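The primary structure of each chain is shown beneath.
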Amino acid sequence: MLGHEGCGVVKAALEHKLARREHLSRIQNLVDCIVPGLAEIDCQLSEQEQLTTAVRANVCWSVHQILETTEGQNAIKARARLVGAIYERTSGHVRFLV
Ligand SMILES: [Zn+2]
């Protein structure tokens, strides 16, 4: 599961969670899937730090969501491995979350 630095839809989810901003429906549909995974965002952090934290939280949330599906569980039983990672656009590196 690969997230990326500066993700616009994660930023939109933060705006919705912290400032109750409503987005266009096609964006809001995505935002509504992401917000439940952003429960622990610290309001005291800078906007940049909040986004960095939220991108990571979204990857972890997405991994969790996949593992709850029948398909995800079957893949794990078949010895597939699911890992979270973040693509760092500034460096070009992929940082694995393990
Ligand atoms: Zn994105």
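Engineer: Hey, could you run me through the side chain of Asn58 in this one?
Structural biologist: Tracing the backbone shows Asn58 in helix α3 (residues 47–67). Look at Asn58 and you get buried, because its relative accessible area is 14%. Sequence-distant contacts of Asn58, defined by excluding residues within four places in its chain, comprise Val10 and Ile34.

Engineer: Would you take a moment to explain the nonpolar core for this structure?
Structural biologist: Generally speaking, soluble globular proteins have nonpolar side chains that are buried together. In this structure, Val10, Leu14, Leu38, Ala54 and Val55 are the most contacted members of the largest nonpolar core, which totals 15 residues. Apart from the residues within four sequence positions on either side, Val55 is in contact with His4, Gly6, Cys7, Val10 and Ile86.

Engineer: Explain the sheet that holds strand β2 (residues 84–88) here, please?
Structural biologist: Within a sheet, neighbouring strands are paired by backbone hydrogen bonds and run either parallel or antiparallel to one another. Spatially, three strands are ordered β1-β2-β3 in an open sheet, and the strand pairing comes out mixed. Strand pairing shows two members of the sheet lacking a second neighbour, β1 (2–4) and β3 (93–97), which therefore form its edges. Strand-to-strand twist across the sheet, computed as the mean angle between neighbouring axes with direction ignored, equals 30°. Note that β1 and β2 share three bridges and pair parallel. Bridge assignment links Gly3 to a residue of β2, and that residue is Ile86. Contacting β1, β2 and β3, α3 runs over the sheet at an angle of about 145° to β2.

Engineer: What is the right way to read the pairing of β2 from this model?
Structural biologist: Note on strand geometry: in a regular strand, side chains alternate between the two faces of the sheet. Within β2, four of the five residues are buried, leaving the element largely enclosed by the surrounding structure. The pairing of β2 with β3 spans five bridges and is antiparallel. In the sheet register, Ile86 faces β3, and the bridge partner there is Arg95. Turn length for the β2-β3 hairpin, with the two strands adjacent in sequence and antiparallel, is four residues, and the turn residue Gly92 shows positive phi of about 85°.

Engineer: Explain the pattern of salt bridges to me, please; I cannot follow it from the model alone.
Structural biologist: Any two side chains of opposite charge can pair, on the condition that their charged atoms come close. Applying the stated criterion across every chain, the model contains two salt bridges. Arg21 serves as the salt-bridge partner of Glu15, at 2.9 Å between the closest nitrogen and oxygen. Given a relative accessible area of 25%, Glu15 falls into the partly exposed group. Measuring nitrogen to oxygen at the nearest pair gives 2.8 Å for the salt bridge that ties Glu88 to Arg95. Under the relative-accessibility criterion, Glu88 is labelled buried at 16%. Since its relative accessible area comes to 35%, Arg95 is described here as partly exposed.

Calculation criteria
Residues numbered from 1 in each chain as written. Predicted model: local features only at pLDDT ≥ 70, side-chain atom pairs only at ≥ 80, totals over all residues. Heavy atoms only, no water. Helix = DSSP H or I, 4+ residues; strand = E, 2+ residues; numbered from the N terminus. Buried < 20%, exposed > 50% of the residue type's maximum accessible area, 1.4 Å probe, protein only. Contact = heavy atoms within 4.5 Å. Core = buried A, V, L, I, M, F, W, Y, C linked by side-chain atoms within 4.5 Å. Pairing = 2+ DSSP bridges. Axes fitted to C-alpha atoms, helices over the stretch in contact; angles between N-to-C directions. Salt bridge = Lys/Arg side-chain N within 4 Å of Asp/Glu carboxyl O.

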